[in-house]
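Summary of structural features
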Amino acid sequence: MFLFASMKPYKDYPHSSISMQDDSGLKNALKALSKSTIEIIIESGTFNGLGSTTFIMEAFEDAASLEKFYTIELNYRTYKIATNNLAQFPKVQCKFGCSTKLQEAVDFMQNDEAILNHQNYTDIYIDDIHEPVKFYSKELNGFLGVSSIKSMITRIINPKALNPEENIIESIVKNNSSKTFLIVLDSAGGMGYLEFQKVQSLLKHKHHYLMLDDTHHLKHFRSKRDVLASEKYTVLYESIKHGSLLAEYQP
Ligand SMILES: C[S@@+](CC[C@H](N)C(=O)[O-])C[C@H]1O[C@@H](n2cnc3c(N)ncnc32)[C@H](O)[C@@H]1O
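Heads up: these notes are all about the structure in this document. (Residues numbered from 1 in each chain as written. Predicted model: local features only at pLDDT ≥ 70, side-chain atom pairs only at ≥ 80, totals over all residues.)

**A few points about helix H10 (residues 221-229)**
Along an α-helix, residues three or four apart share an orientation, since each turn contains 3.6 residues. Within the sequence span of H10, burial applies to Phe 221, Ser 223, Lys 224 and Val 227. With its buried residues spanning 160° around the axis, H10 presents them on a single face. Opposite the buried face of H10, at more than 90 degrees from it, the exposed residues are Arg 225 and Ala 229. Buried residues belonging to H10 abut helix H9 (192-202), strand S7 (208-213), strand S8 (233-239) and strand S9 (244-249). (Buried ≥ 20, exposed ≤ 12 C-beta atoms within 10 Å, placed from the backbone. Helix = DSSP H or I, 4+ residues; strand = E, 2+ residues; numbered from the N terminus. Arc of directions from axis to C-beta. Contact = placed C-beta atoms within 7 Å.)

And the structure:
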């Protein structure tokens, strides 16, 4: 019999359908954090805005220090939907584009040891066990979540969809260098670790907070490993079931 070792397909994760809304421990930890001095939240991976962005804003509803919550979405159609869904939160600003440079993300996915050798990580989940590089490259093109025909029509009707801003996390961090950040990473599975490494390098000398989603997944299993291994991070909350992690970084 042919045995095929691989990461585990994410659709088989027993809690894959569980929403962040059910993670009451995370909501409480965020509420406690909202009383601290966080001034800027940056999130990568808005999707339709009704998941993590709304969840975090609900926890931060009384946060006096919060000035702005930037949330980044690479799929233009989804970005438009999120902009609509999040209009009720004046502090939220949706940004259309890529968290990092696009080419950097493509290069990362095509060369990432964990994607190329995912058969060596049998405890970790991945979205596509057959052609993961192709799958994640498609997500990078902003196609995930809608049929590609719909996305193509959107691109034809609205040329803005062809011009995503790039390297958005770095721009926001540099434009707000004196502020205290909460960084939330929940974008494409294939580039979560790239985003984590970028954030670490951008904020290595700065006190900040970090929230990861999907820590049992290719997206952030290494980010979580690095957080737990570093004395500079203090874990404020973790849920193995939900794959969530909230940590404070002190340089
Ligand atoms: C897992 S979903 C986000 C889920 C969302 N945080 C929630 O709780 O509902 C990932 C989203 O990230 C977007 N995305 C993928 N790569 C991205 C990138 N490089 N920059 C910004 N958004 C990205 C995808 O289009 C998708 O909508």
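Now that the structure is up, let's keep going.
**Topic: helix H4 (residues 102-111)**
All of the buried residues in H4 are Ala 105, Phe 108 and Met 109. Buried residues of H4, seen end-on, are gathered within an arc of 95° and therefore sit on one face of the element. In H4, those exposed residues whose orientation departs by more than 90 degrees from the buried face are Gln 103, Asp 107 and Asn 111. Packed against the buried residues of H4 are helix H5 (113-116), helix H6 (132-140) and H9.

**A short note on the pairing of strand S4 (residues 92-96)**
Burial of S4 is extensive: 4 of the 5 residues sit out of reach of the surface. Pairing geometry for strand S3 (residues 68-73) and S4, over 5 bridges, is parallel. Residue pairing for S4: Tyr 70 is matched across the bridge by Gln 93. Taking the sense of rotation as the criterion, the β-α-β connection linking S3, helix H3 (residues 76-85) and S4 turns out right-handed. (Pairing = 2+ DSSP bridges. Right-handed = clockwise from strand over helix to strand, strands pointing away.)

**Comments concerning the site of the ligand**
Neighbouring the ligand are 22 residues; Gly 45, Phe 47, Gly 51, Ser 52 and Ala 188 lie closest to it. The set of elements that each furnish at least two residues to the shell around the ligand consists of S3 and H6. Residue composition of the shell around the ligand, by class: 10 nonpolar, 9 polar and 3 charged. (Near = placed C-beta within 6 Å. Nonpolar A, V, L, I, M, F, W, Y, C, P; charged D, E, K, R; others polar.)

**Looking at the packing of helix H1 (residues 24-34) against helix H2 (residues 52-59)**
Viewed as axis vectors pointing N to C, H1 and H2 meet at an angle of 50°, and their least axial separation amounts to 8 Å. Judged on the interaxial angle alone, H2 and H1 are oblique. Both H1 and H2 take part in a crossing whose hand is right-handed. Within the contact between the two elements, H1 uses Lys 27, Leu 30, Lys 31 and Ser 34 and H2 uses Phe 55, Ile 56 and Ala 59. (Axes fitted to C-alpha atoms, helices over the stretch in contact; angles between N-to-C directions. Parallel < 35°, antiparallel > 145°, perpendicular 65-115°, else oblique. Left-handed = near helix turned anticlockwise from the far one by under 90°.)

**Some thoughts on the pairing of strand S2 (residues 40-44)**
When you tally the buried positions in S2, you get 5 out of 5 residues, the bulk of the element. In S2, alternate side chains face the same way, and those of Ile 40, Ile 42 and Ser 44 on one face and Ile 41 and Glu 43 on the other are all buried. Pairing of S2 with S3 involves 5 bridges; the strand directions are parallel. Pairing of Ile 40 across the sheet is with Lys 68, part of S3. As for the winding sense of the linkage, the β-α-β connection from S2 through H2 to S3 is right-handed. Pairing geometry for S2 and strand S6 (residues 181-185), over 5 bridges, is parallel. Its bridge partner lying in S6, Ile 40 is registered against Phe 181.

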